[in-house]
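Descriptive analysis of the structure
Here's the letter readout for the chains.
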Amino acid sequence: MRGCDVRFPKRISFRVLFACLGTAVLFGLPTGAQAATKAEQEALLQRILASPADYEAVYTYVKVSIALRDYEAAIGALERLLFFNQDLPRVKFQIGTLYYRLQSYHLAQRYFREVLATPGLDPVIRTRVEAYMPLVEKQLSPVRTWVYLTTGLRYQSNASATPDSDMIMSFGFLGPIDLSQPHGADWNAYQIGQFANDIAFGSQRQHKLETRVSGYLTEQFRLSSLNVAMANMTIGPRFSLAAHGWEGASIKPYAIASATAIGGKAPSTTAGGGIELSAPLGMNVMVTPSVEWVQAWYDTSSLLTPSYGDSNVLKAALRTAIKFSDNFQVNLKGSYRRGVADQPFESYDGYAAEVAFALRFAPPSDSMTHKWTLGPFARFSSIAFDAPNAAVDPSTARKDTTWAVGIGLDAPINAHFGLNAAFTYESTNSNIPNYSFDNWSVMFGPTARF
Amino acid sequence: MNMPSTSKILPVLIGALLTSVAPASLATAQTVGTVTAVNQTAHGTPPGGGARVLTLGQDVVFKETIQTNAEGSTQVAFTDRSTLNVGRNSSVIIDEFVFDPGSGGNSMSLTLTKGVLRFVGGQISHIDGATIKTPVATIGVRGGSTTVGSGGGGCAGLLIVNNVGTLTLKNNVDTLKITQPGYGVCVTDPNAPFPPPFLVPDDLLQAYMDNADSGDGQHGGVNDLPLDDLADRFGLEFPTLDPDGNPFDFITIIQGGNGPAQEQSQGDQQQEEELCEGGPCYY
């Protein structure tokens, strides 16, 4: 068996997933600690109402309100301090960041400008404010562009996805795999580029035309037939529903196209469209259901027994982001897809579920302006084909289940450059030995954001 | 037992009656907030009472009218955590304030008859919405914060600016939602459709916001001024920025590329097996 021997027994896999989801939901309920903090906020408010110049109470109230993400309460208290003394750059900086979080960028900019105009400003504060200013200016512009680039090295314990059993089923007969061919572990160098562009339109710039493009290239050190070249693009308008009484909600129809080439060949291209609704549930939860249809074309000329053929793929997905605090967010994803091809053995049903955590924390140095993020995740997916593929196993329709777990680190050094790293482990169990394998990988490299 | 004479009892009874009536009338005036900053001169006029000079820490009651002169400004903090800044030469009436944290149906309504106000919302505006009445429009505040006022700067009428959240404006003939922070309208006529919202220039907004703050040499009614280092002393941290977007998109993209590569590799292995079946394979 290649790679790690750790496996999730099938019988408990759903239990583990539901346990993860349950934990996430439980985190969403008001905990004793949160209730205590709200009680503390109320007690501090009463102290302030009784004695408005009790500065200890005011600052503690601000901290507690920020922790509760009650930013307006914090703003009201901080603006009161400016009533007492206009020469408080730290207070103005805080107010600016709070308006920034509330997406009130014009007011954020106003306060940041006042801070930068302060004579003898603390250099640490100046650095922090200067990090915010280009972001505010970008948000206030009707045309906004983001670019993310990363490159690095990736090691996979089983880059070739060689079966654990070293056995291959072919035309219903099980035989040993040809181990003389290159297989197993390998390194690659990878490059990822992401481009995002928003063009705001509408009488209040409340709508946006969103364009998203991503590209991915790998160069395997040994298994060059598995080099990946992949591009994906979506474009579509995002219409705000705020004017219809649904603040924070939006709906986005989009067109999507992608192309993937492996080892210089062109196994697949897709084109289609979809629609997604982003709907806030309260202040801390964003739910995004979506439906997408694509036509997929597979160039299978290099394979005698392809698993996929030209098909229509319909996908329904539900994403949920739960923000428990500024530094802790849980993202849940669930999806179903149905692929319909000419051949029943190329038609399939697929399910996937994922839970991912984002734990943000202060960088190790005061000179660093952006939080670092640690992201553990777990994912489960399954795929079941409609009929047996006679060239593989005439009596068994393929059914795979895959578990993956991992953790990522994003470590910005400054506004533009940083480092990232990730570890993932995946294990696929199939009712056909060809497709059961384990693989773990480690990747790391520099990042650039503009 | 000797009974006191009527001449001795009467003044005591009258005194007792007066002292019992006065607190009763104050008690019926519901306290809705507190003056948490004030630059003189600012007056408050409770319902049925005379004007009183507002002082720091003084209670503000239901239906109270707050008025300022050319030098005056004040901030009132309400029990639902909202705050109201009243600018110079302004007059604001607290029409309605119903707040019970344990129940629904809370409401808050202010009337700006002249001048400038800045309102930062609290629990009522977040859950039920608050209302600001003006001579030319009624403003529904959902969530957030607004600056409202008259006083020139290119707007001949009333400038209404959405700072945070959503504003719903109504007059005798029209309704308008301002959903984007930074946008506002200049309203001159309650019987005319609202003009389209515009992005309020920073200098114009600054003038209105300055109006509802302390001016030069004013300190909101305190002698012991807060200093900048208090932020450090009381542990207010410098916020660090969140990275743009999802920092782990790169993992998703790599996983997305892995699938086709694995399929290709498995297909190649299957193909090798099929070829072996047509002739000898040597391992």
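Residues numbered from 1 in each chain as written. Chains lettered and ligands numbered in written order. Predicted model: local features only at pLDDT ≥ 70, side-chain atom pairs only at ≥ 80, totals over all residues.

1. Thoughts on the overall build of chain B
The helix and strand tally for chain B stands at five helices and 16 strands. In chain B, which comprises 283 residues, the share counted as buried stands at 45%. In chain B, the share of contacts with a sequence separation of at least 24, taken over all contacts with a separation of at least 6, comes to 48%. (Helix = DSSP H or I, 4+ residues; strand = E, 2+ residues; numbered from the N terminus. Buried ≥ 20, exposed ≤ 12 C-beta atoms within 10 Å, placed from the backbone. Contact = placed C-beta atoms within 7 Å.)

2. Description of the confidence of the model for chain A
Residue and element names in this part refer to chain A. Mean pLDDT for chain A: 88, with 90% of residues reaching 70 or above. Per-residue pLDDT stays below 50 along residues 1-14; that stretch engages in 27 contacts with residues further than four places along the chain or on separate chains. Note on residues 24-32: pLDDT is under 50 here. Beyond four places in sequence and across chains, it has eight contacts. (pLDDT = per-residue confidence, 0-100.)

3. Regarding the confidence of the model for chain B
All names here are of chain B. With 84% of its residues at a pLDDT of 70 or more, chain B shows a mean pLDDT of 83. A low-confidence stretch, residues 1-27 (pLDDT under 50), is modelled with one contact involving residues beyond four sequence positions or located in other chains. Every residue in residues 278-283 is under pLDDT 50, and counting partners more than four places away or in other chains gives seven contacts. For this predicted complex, the interface confidence comes out at an ipTM of 0.83, alongside a pTM of 0.80.

4. Re the pairing of strand S1 (residues 31-39) of chain B
Residues and elements named next belong to chain B. The buried count for S1 comes to eight of nine residues, which makes it a mostly enclosed element. Taken together, the six bridges between S1 and strand S6 (residues 73-78) define a ladder with antiparallel strand orientation. Of the residues in S6, the one forming a bridge with Ala 37 is Gln 75. (Pairing = 2+ DSSP bridges.)

5. Describing the pairing of strand S7 (residues 250-262) of chain A
All names here are of chain A. In the sheet, strand S6 (residues 228-240) pairs with S7 via ten bridges, with the strands oriented antiparallel. Counterpart to Val 228 in the pairing with S7 is Ile 262. Note that S7 and strand S8 (residues 268-281) share eleven bridges and pair antiparallel. Directly across from Tyr 254, in S8, lies its bridge partner Gly 274.

6. Describing the domain arrangement of chain A
All names here are of chain A. As far as domains go, chain A holds domain 1 (10-21 + 142-449) and domain 2 (30-140). On a C-alpha basis, the centroid separation for the pair domain 1 and domain 2 is 38 Å. Across the boundary between the two partners, domain 1 contributes eight residues, which contact eight residues of domain 2. Its residues placed into classes, the side of domain 1 that touches domain 2 shows two nonpolar, three polar and three charged. (Domains from an automatic or database assignment. Nonpolar A, V, L, I, M, F, W, Y, C, P; charged D, E, K, R; others polar.)

7. Focus on the environment of His 416 of chain A
Residues and elements named next belong to chain A. Residue placement: His 416 occurs in the loop between strand S14 (399-412) and strand S15 (417-430). Among the residues examined, His 416 registers 13 C-beta atoms within 10 Å and is labelled partly exposed. Linking His 416 and Gly 309, residues 107 residues apart in sequence, is a C-alpha distance of 42 Å. Setting aside anything within four residues of it in sequence, one finds His 416 in contact with Ala 448, Arg 449 and Phe 450.

8. Describing the packing of helix H5 (residues 89-101) of chain A against helix H6 (residues 105-116) of chain A
Residue and element names in this part refer to chain A. Relative orientation of the contacting elements H5 and H6 amounts to 160 degrees, with a least axis distance of 8 Å. Of the possible angle classes, the one that applies to H5 and H6 is roughly antiparallel. In this structure, H5 crosses over H6, and the sense of that crossing is left-handed. Facing Pro 89, Lys 92, Phe 93, Ile 95, Gly 96, Tyr 99 and Tyr 100 of H5, the residues of H6 in contact are Tyr 105, Leu 107, Ala 108, Tyr 111, Phe 112, Glu 114 and Val 115. Within the contact of H5 with H6, the residues separate by chemical class into eleven nonpolar, one polar and two charged. (Axes fitted to C-alpha atoms, helices over the stretch in contact; angles between N-to-C directions. Parallel < 35°, antiparallel > 145°, perpendicular 65-115°, else oblique. Left-handed = near helix turned anticlockwise from the far one by under 90°.)

9. Examining helix H3 (residues 202-211) of chain B
Listed as buried for H3 of chain B are Leu 205, Tyr 208, Met 209 and Asn 211 of chain B. When H3 of chain B is viewed along its axis, its buried side chains cluster within an angular range of 155 degrees and face the same direction. (Arc of directions from axis to C-beta.)

10. Examining unusual backbone geometry
The peptide bond linking Gln 40 of chain B to Thr 41 of chain B adopts the cis configuration, its omega dihedral lying at 15 degrees. Position of Thr 41 of chain B among the secondary structure elements: in the loop between S1 and strand S2 (42-45). Positive phi is not limited to glycine here, since Arg 69 of chain A has a value of about 60 degrees. When you line up the elements, Arg 69 of chain A lands in the loop between helix H3 (55-67) and helix H4 (71-84).

11. Observations regarding the nonpolar core
Val 58, Tyr 61, Val 62 and Ala 74 of chain A together with Leu 117 and Ile 160 of chain B are the most contacted members of the largest nonpolar core, which has 92 residues in total. For this core, the element with the highest residue contribution is H4 of chain A, accounting for ten residues. Apart from residues lying up to four places away in sequence, Val 58 of chain A is in contact with Ile 48, Ala 77 and Leu 81 of chain A. Membership of the second largest hydrophobic core comes to 17 residues, among which are Leu 223, Ala 422 and Met 443 of chain A together with Ile 251 of chain B. (Core = buried A, V, L, I, M, F, W, Y, C linked by C-beta atoms within 7 Å.)

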